[in-house]
Amino acid sequence: MPLLTEEQKLEKKLLTRFQKAIYEYGLIEDNDHILVGLSGGKDSLCLLELLGKRMKIDKPKFTVEALHIRMSNIKYESDITYLKDFAESRGIRFHVVTTEFNASTDSRKSPCFLCSWNRRKQLFMKAKELGCNKIALGHHMDDIIHTTMMNLYFQGSFSTMPVRLKMKKMPLTIIRPLCLEIEEDLRKYAANNNYHKQVKLCPYETDSHRSDMRDMFNNIESMTSEARYSVWNALEKEGKLIEE
């Protein structure tokens, strides 16, 4: 039996974590109709790739569609043709919606927040139109931990982005199947598979404290390699990863 290459080992590791997340947190069930928010970044591309692979397995039986949201007033661009080919080559229908927001309508909120809110609104509307019961987002373990830190230090709350969140006002559940994946592994996987990068990055991406939290957490991990699992275990103990 031939030895696995480093690329094959990495893919196996990602798939194992992906499977564990699905079953451990009850993210996907038979007859689910899932809409993926496809930004065009490495994380959402990897999410679509892994869901496409998992969709070919009989149990659970589910379907996936992808939605890319363009903001006409934000210089945040992706190659639509590439995204469409990427999705459809994996047996996933691709949709694109163009919208916009006006940052001057609410000076209390950052442009980043308003853009995110409007994108989420479009996801909900498209999910309803397509008859989807779940929305899958490409947040990984690092994202979830960084959000925990931001909420703790800036909001005084021990909370995060749940792995599974059942919406109260609509028949939709938000899931994050990459929740057990490490960002560096996703970055390597994207490079191994030659994922295209976005044409232009978001002009507001440096306006939040998320990059500061990333740097802070990297320093913490340099002191103890178990830091991420300690935070994760604390979130699990406090029931912060699933909201019904």
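Preceding block: the structure.
A brief structural summary. Because the structure is predicted, anything quoted here is derived from the model rather than measured.

So, on to the overall build of the chain. A tally of regular secondary structure across the chain gives 8 helices and 7 strands. Once the C-alpha set of the chain is aligned to its principal axes, its extents read approximately 60 × 45 × 35 Å. Burial analysis of the chain (244 residues in total) assigns 46% to the buried set. As presented, the chain carries roughly 13400 Å² of accessible surface, and 52% of it is formed by carbon and sulfur atoms.

Bringing the side chain of Glu49 into the picture now. Within the secondary structure, Glu49 sits in helix α2 (residues 42–55). A distance of 3.1 Å separates a polar atom in the side chain of Glu49 from a polar atom in the side chain of Arg90. Excluding anything up to four places from it in sequence, Glu49 contacts Phe86, Arg90, Tyr189 and Tyr195.

One open sheet accounts for 7 strands, arranged β3-β2-β1-β4-β6-β5-β7; its pairing is mixed. The open sheet is flanked by β3 (93–99) and β7 (242–243), the only strands paired with a single partner. In this sheet, strand β2 (residues 62–71) lies alongside strand β1 (residues 32–37) in parallel orientation, the contact comprising 6 bridges. Across the sheet, the residue bridging to Asp32 is Phe62, located in β2. Taken strand by strand, α2 contacts β1, β2 and β4 (134–136), and its axis lies near 165 degrees from that of β2.

Centre distance and the angle of the planes are the two values used to describe a pair of aromatic rings. For the structure shown, the criterion picks out 3 aromatic pairs. Geometrically, the ring pair formed by Tyr82 and Phe86 is tilted, given 5.9 Å between the ring centres and 50 degrees between the ring planes. One end of the pair is Tyr82 and the other is Phe86, both in helix α3 (residues 80–88) and 4 residues apart, which spans about a single turn. Since its relative accessible area comes to 16%, Tyr82 is described here as buried. Taking the relative accessible area as the measure of exposure, Phe86 reaches 4% and is therefore buried. Put simply, the rings of Tyr82, Phe86, Tyr189 and Tyr195 pair up and form one aromatic cluster.

Leu48, Leu51, Val64 and Trp232 are the most contacted members of the largest nonpolar core, which totals 49 residues. Ranked by residue count, the leading element in this core is α2, at 7 residues. Setting aside residues up to four positions removed in sequence, Trp232 forms contacts with Tyr25, Met141, Ile144, Val163, Cys179, Leu180 and Leu241.

A word on α2. Across its 14 residues, α2 extends 20 Å between first and last C-alpha, which sits within 8% of the 20 Å expected from 1.5 Å per residue. Counting buried positions along α2 gives 12 out of 14 residues, so the element sits mostly inside the fold. When α2 is considered as a whole, its buried residues turn out to be Asp43, Ser44, Leu45, Cys46, Leu47, Leu48, Glu49, Leu50, Leu51, Gly52, Arg54 and Met55.

What follows concerns a nonpolar patch on the surface. The grouping of Leu152, Tyr153, Phe154, Phe158 and Met216 at the surface amounts to a nonpolar patch, some 460 Å² of accessible area in total. A per-element tally of the nonpolar patch places helix α5 (residues 141–155) first, with 3 residues. Tracing the sequence through the fold places Tyr153 in helix α5.

A positive phi angle, near 70 degrees, is found at Asn31, a position not held by glycine. Even without being glycine, Asn194 reaches a positive phi, approximately 55 degrees. Tracing the chain through its elements places Asn194 in the loop between α6 (183–192) and α7 (210–223).

So, about the pattern of salt bridges. One pass over the structure, following the stated rule, counts 20 salt bridges. A salt bridge links Arg17 to Asp185; the shortest N-O distance between them is 2.7 Å. Here the residue Arg17 occupies a position in helix α1 (residues 6–24), and Asp185 occupies one in helix α6, the gap between them amounting to 168 residues. As far as burial versus exposure is concerned, Arg17 and Asp185 are alike and both buried. A salt bridge links Glu65 to Arg93, with the shortest nitrogen-to-oxygen separation between them at 3.5 Å. In this pair, Glu65 sits in strand β2 while Arg93 sits in strand β3, placing the two residues 28 residues apart along the sequence. Several salt bridges converge on common partners, so that one network encompasses Lys42, Asp43, Glu183, Glu184, Arg187 and Arg214.

Cut-off values and rules
Residues numbered from 1 in each chain as written. Predicted model: local features only at pLDDT ≥ 70, side-chain atom pairs only at ≥ 80, totals over all residues. Heavy atoms only, no water. Helix = DSSP H or I, 4+ residues; strand = E, 2+ residues; numbered from the N terminus. Buried < 20%, exposed > 50% of the residue type's maximum accessible area, 1.4 Å probe, protein only. Areas by Shrake-Rupley, 256 points an atom, 1.4 Å probe, with all protein chains shown as cover. Polar contact = N/O pair within 3.5 Å; in protein donor to acceptor, adjacent residues only side chain to side chain. Contact = heavy atoms within 4.5 Å. Pairing = 2+ DSSP bridges. Axes fitted to C-alpha atoms, helices over the stretch in contact; angles between N-to-C directions. Phe/Tyr/Trp six-rings, centres within 6.5 Å; stacked < 30°, edge-to-face > 60°. Core = buried A, V, L, I, M, F, W, Y, C linked by side-chain atoms within 4.5 Å. Expected span 1.5 Å × (residues − 1). Patch = residues over 30% accessible without salt bridge, like charges linked within 9 Å, V, L, I, M, F, W, Y side chains within 5 Å. Salt bridge = Lys/Arg side-chain N within 4 Å of Asp/Glu carboxyl O.

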